[in-house]
Amino acid sequence: MSTSESADLSSWTEATPTNMTCVEKDLSVTASVVSMTVGILSNSLAFFILLKSSKRMPPKSKAPFSVFATSLVVTDLLGHLVNGSVVLHVYSLRKHWETFDPHGRVCNLFGATLVFFGLSPLFLGSTMAIERCIGVTKPFYHSTGLAFRHTNKLLSVIWLLAALVAALPVVLRKSYRLQSSRSWCFYNLDKPDDRLDVFLPLLFALLGLLALLLSIICNTVTSCFLLLSTIHRKHHSRGTSYHIEMICQLMAIMLVSCVCWGPLLTRVILLTSKDDDDPASDKLLFLVRIATWNQILDPWVYILLRKAVLKKLYHMLQRCFRSKSREPVRWKHSFLRSSGSSHSKFGPPACLFDGLVVQNTRISLSDDSKTELFHVVLSVWKKG
């Protein structure tokens with residue numbers, strides 16, 4: 001870190017009120033600890049659920065999806081561990097970066113991990129959407145072209161691409177900058193020095209938005225194809241249920257990613273093309289905290305949107321509707337025209353038409369209605 005940056009940081013600290021700094025510090029530490037704890041527990045639970053559910057999956061059709069889903073959960077778990085540890089380390093040293101990080105190495109590491117663990121879930125989500133689209137629309141190519149070794153290679157390419165984008169500022173000597181809150185590091189968006197300061201965050205944002213766009217397109221195509229194939233009975237019910245379970249999970253992952261990462265990526269693009277001098281770090285910190293919830297909500301997609309949970313929910317709703325439709329309808333007046341004398345010697349037994357059920361509706365008849373209905377049935381039987 002240069003001398004001018006240290007001077008700016010010290011002047012910024014002196015200009016900030018002490019009470020506000022303490023309050024913001026307490027709130028930030030609490031939010032970081034809660035986010036880290038919930039994220040670790042959620043991803044750990046989702047990891048064990050995925051391992052258990054992988055045993056019942058058809059190995060040929062769902063092996064790539066299971067590998068990508070498990071990799072996504074592991075990546076989110078490592079993101080909480082690494083980024084959360086750095087944040088707690090910074091707060092434990094009271095954010096005195098010029099003391100424990102005079103050369104900016106921790107800042108570069110922090111910024112690179114934020115970018116890496118931000119892009120990796122987006123890339124994995126889009127890859128899962130593409131894999132499901134191929135598996136549903138082109139099952140033969142999916143079974144022959146996406147073998148287990150190809151899946152591992154593709155997974156390595158995804159992580160390598162995210163790592164290259166994260167390490168690019170350090171390689172090009174455009175280090176990550178400490179933001180005004182002194183609690184995190186990111187691209188230089190306040191006052192870009194040259195075109196590289198504009199290109200690097202723009203590359204990060206465009207790659208993230210491209211991954212979201214691919215997820216939306218592939219999930220839409222897959223859902224439409226499954227709907228049409230289900231109508232025309234092209235798939236077996238068992239295979240269709242597995243596909244629907246995966247599509248529900250992919251749609252939920254896509255929705256969570258768009259809500260959490262969309263505002264931040266859009267904000268970064270707008271800041272790279274801005275003409276004013278408004279500080280960007282204050283709003284970015286809020287958007288970054290929203291983006292971290294992506295790593296918390298992703299595992300709950302696999303926890304809640306499982307076939308067993310969806311099946312129980314469906315049965316609960318079905319019971320609720322059935323309980324409302326089982327109320328008995330009592331007919332007090334005659335609804336059938338009499339075909340003979342009501343005092344016929346062929347009078348029906350008292351319990352012959354008790355508990356009549358028509359289209360799952362229980363009907364209670366009076367004695368006169370039972371007699372009339374009996375004569376109608378008897379006359380029809382004689383004519384036949």
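Here is a short report on the structure shown in this document. (Residues numbered from 1 in each chain as written. Predicted model: local features only at pLDDT ≥ 70, side-chain atom pairs only at ≥ 80, totals over all residues. Heavy atoms only, no water.)

## Topic: the overall build of the protein chain
- Across its full length, the protein chain carries twelve helices and five strands.
- Every one of the 384 residues in the protein chain was classed for burial, and the buried ones make up 38%.
- Looking at the protein chain alone, contacts between residues at least 24 apart form 79% of all its contacts between residues at least 6 apart.
- Counting only carbon and sulfur atoms, one obtains 66% of the accessible surface of the protein chain, whose full area is about 22400 Å². (Helix = DSSP H or I, 4+ residues; strand = E, 2+ residues; numbered from the N terminus. Buried < 20%, exposed > 50% of the residue type's maximum accessible area, 1.4 Å probe, protein only. Contact = heavy atoms within 4.5 Å. Areas by Shrake-Rupley, 256 points an atom, 1.4 Å probe, with all protein chains shown as cover.)

## Section: the state of the cysteines
- Within the structure shown, the criterion is met by one disulfide.
- Looking at C133, it has no disulfide partner, and the nearest cysteine sulfur is the one in C218, 4.8 Å off. (Disulfide = S-S within 2.5 Å.)

## What to know about the nonpolar core
- By size, the foremost hydrophobic cluster in this structure holds 65 residues, and its most contacted members are V115, M128, F186 and Y187.
- For this core, the elements supplying multiple residues, two or more each, are α2 (18-53), α3 (59-92), α5 (105-137), α7 (148-171), β2 (185-186), α8 (195-231), α9 (237-272) and α10 (281-304).
- Here the element with the most residues in this core is α5; it accounts for 13 residues.
- Here F186 is in contact with V115, Y176, R177, Q179, F204, V268 and L284, once residues within four sequence places are set aside. (Core = buried A, V, L, I, M, F, W, Y, C linked by side-chain atoms within 4.5 Å.)

## Here's the deal with the pattern of salt bridges
- The final tally for this structure, using the stated rule, is four salt bridges.
- Across the salt bridge formed by E98 and R182, the nearest N and O atoms sit 3.2 Å from each other. Residue E98 is found in helix α4 (residues 97-100), and its partner R182 is found in the loop between β1 (177-178) and β2; the two are separated by 84 residues along the sequence.
- For E131, the salt bridge goes to R132, with nearest N and O atoms at 2.9 Å. Each member of the pair, E131 as well as R132, carries the same accessibility label: buried.
- Several salt bridges converge on common partners, so that one network encompasses K174, D194 and D197. (Salt bridge = Lys/Arg side-chain N within 4 Å of Asp/Glu carboxyl O.)

## Brief notes about a nonpolar patch on the surface
- A surface patch of nonpolar side chains, about 470 Å² in accessible area, is lined by I130, L210, L213, L214, I217 and V221.
- For the nonpolar patch, the leading source of residues is α8, giving five residues.
- Tracing the chain through its elements places I217 in helix α8.
- Given the relative accessible area of 46%, I217 is considered partly exposed. (Patch = residues over 30% accessible without salt bridge, like charges linked within 9 Å, V, L, I, M, F, W, Y side chains within 5 Å.)

## Overview of the environment of I216
- For I216, the location among the structural elements is in helix α8.
- For the pair formed by I216 and C258, sequence separation is 42 residues and the distance between their alpha carbons is 9.5 Å.
- Those residues within four positions of I216 in sequence are excluded, and the remaining contacts are M254 and C258.

## Structural notes on unusual backbone geometry
- Its identity as a non-glycine residue notwithstanding, R94 has a phi of 60 degrees, on the positive side.
- With respect to the helices and strands, R94 occurs in the loop between α3 and α4.

## Notes on the environment of P201
- Position of P201 among the secondary structure elements: in helix α8.
- Taking C-alpha positions, P201 is 6.7 Å from V268, a pair spaced 67 residues apart along the chain.

## Remarks on the packing of α5 against α8
- The geometry of α5 relative to α8 is characterised by a closest axis approach of 8 Å and an angle of 25 degrees between their N-to-C directions. When the axis of α5 is compared with that of α8, the two are roughly parallel. Viewed along their axes, α5 and α8 form a crossing whose handedness is left-handed.
- Of the residues belonging to the contact of α5 with α8, the class tally is 17 nonpolar, seven polar and one charged. (Axes fitted to C-alpha atoms, helices over the stretch in contact; angles between N-to-C directions. Parallel < 35°, antiparallel > 145°, perpendicular 65-115°, else oblique. Left-handed = near helix turned anticlockwise from the far one by under 90°. Nonpolar A, V, L, I, M, F, W, Y, C, P; charged D, E, K, R; others polar.)

## Details of the environment of K95
- As for its position among the elements, K95 is in the loop between α3 and α4.
- In the structure, K95 is positioned 86 residues away from S181 in sequence and 9.2 Å away in space, judged by C-alpha atoms.
- Filtering out sequence-adjacent residues up to four positions away, K95 remains in contact with V90, F100, S181, R182 and S183.
- Of the polar contacts made by the side chain of K95, one reaches the backbone oxygen of S181; its length is 3.2 Å. (Polar contact = N/O pair within 3.5 Å; in protein donor to acceptor, adjacent residues only side chain to side chain.)

## Focus: α8
- Taking 1.5 Å per residue, 37 residues should reach 54 Å; α8 reaches 54 Å between its end C-alpha atoms and fits that length.
- Where α8 starts, the residue carrying a side-chain oxygen 3.2 Å from the main-chain nitrogen of L196 turns out to be D194. (Expected span 1.5 Å × (residues − 1).)

## Topic: the packing of aromatic side chains
- On inspection of all chains with the given rule, the structure shows nine aromatic pairs.
- Judged by centre distance (5.6 Å) and plane angle (35 degrees), the rings of W184 and F186 are tilted. There is no split in this pair, since W184 and F186 are both buried.
- Taken together, the aromatic side chains of Y176, W184, F186, Y187, F204 and W261 make up a single cluster linked through ring pairs. (Phe/Tyr/Trp six-rings, centres within 6.5 Å; stacked < 30°, edge-to-face > 60°.)

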